[in-house]
Amino acid sequence: MTISPSLIVRPPSSILTASTRPTPPHPPPHPSHPSHPKVSPDEYLPYVTAFLRHHPSGTVFVATDSPAFLASIRERWPASNLKYRTDVLRDERNVAFARGRGGGQGGGSGRGYQKGEDVLLDMLLLSRCDWLLHAASGVAEFAIYFNPQLHERSVHLQYEHGRQRPPWMVGS
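In what follows, the accompanying structure is described. (Residues numbered from 1 in each chain as written. Predicted model: local features only at pLDDT ≥ 70, side-chain atom pairs only at ≥ 80, totals over all residues. Heavy atoms only, no water.)

Let's talk about the pairing of strand E1 (residues 15-20)
Taken residue by residue, a regular strand's side chains alternate between the two faces of the sheet. Put simply, the rule is: Summary of the burial criterion: residues with accessible area below 20% of their type's maximum are buried, those above 50% are exposed, and those between are partly exposed, where the area comes from a 1.4 Å probe applied to protein chains only. The numbering of helices and of strands both runs from the N terminus, where a helix is a DSSP run of H or I of at least 4 residues and a strand a run of E of at least 2. By this definition, two strands are paired if DSSP reports at least two bridges between them.
The element E1 is extensively covered by neighbouring structure, given that six of its six residues are classed as buried. Two strands pair when backbone bridges link them, and E1 and strand E2 (residues 59-64) are joined in this way by six bridges, in the parallel orientation. Counted as the bridge partner of Ile15 is Thr59 from E2. The pairing of E1 with strand E4 (residues 131-134) spans four bridges and is classified as parallel. Bridge assignment links Ser19 to a residue of E4, and that residue is His134.

What follows is the structure, encoded as structure tokens:
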């Protein structure tokens, strides 16, 4: 695995991270458990825009295993501020449970070590941010465990009630 030094060395500017798993969980939730709606790249965009307006030299780090989500943000989000890992297994069906190659780089069976390494590194990189945007995800949850300050500096985009409003969102 190759890790870009720009992802490890903390720049002097602020860092916003976006963690997403835009596909439904696998296995699907029990019928008595409410399912969470998917979060699209468009729902992250107002936060990213406001963050970069307030921190023009800020960095937006994205952790996702969805090739379509990554392609969408690469088209719409400011490339000069965007960082993401390129050597990650990605698959639309949820890389943790994917078999074979389809859907992107494909998780494939027999690649469990790389899957685990990818998710652990994403959790650690997410934990180094100043603010965390996320959907329901164990990866985001563990990033907060590694950096408890994120408990008060994160926005869970699947919940409206009690959603934190970052100071840089004022006027947005």
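Brief notes about the sheet that holds E1
Rules: To obtain an axis, a line is fitted to C-alpha atoms, over the contacting stretch when the element is a helix, and the angle between two such axes runs from 0 to 180 degrees between their N-to-C directions. Two residues form a contact once any of their heavy atoms are found within 4.5 Å.
Pairing is parallel across the open sheet formed by five strands, whose spatial order is E3-E2-E1-E4-E5. This sheet does not close on itself; its edge strands, each paired only once, are strand E3 (82-84) and strand E5 (154-156). When the angles between neighbouring strand axes are averaged without regard to direction, this sheet yields 20 degrees. Against the sheet, helix H2 (residues 41-54) engages E1, E2, E4 and E5, with an angle of about 170 degrees to E1.

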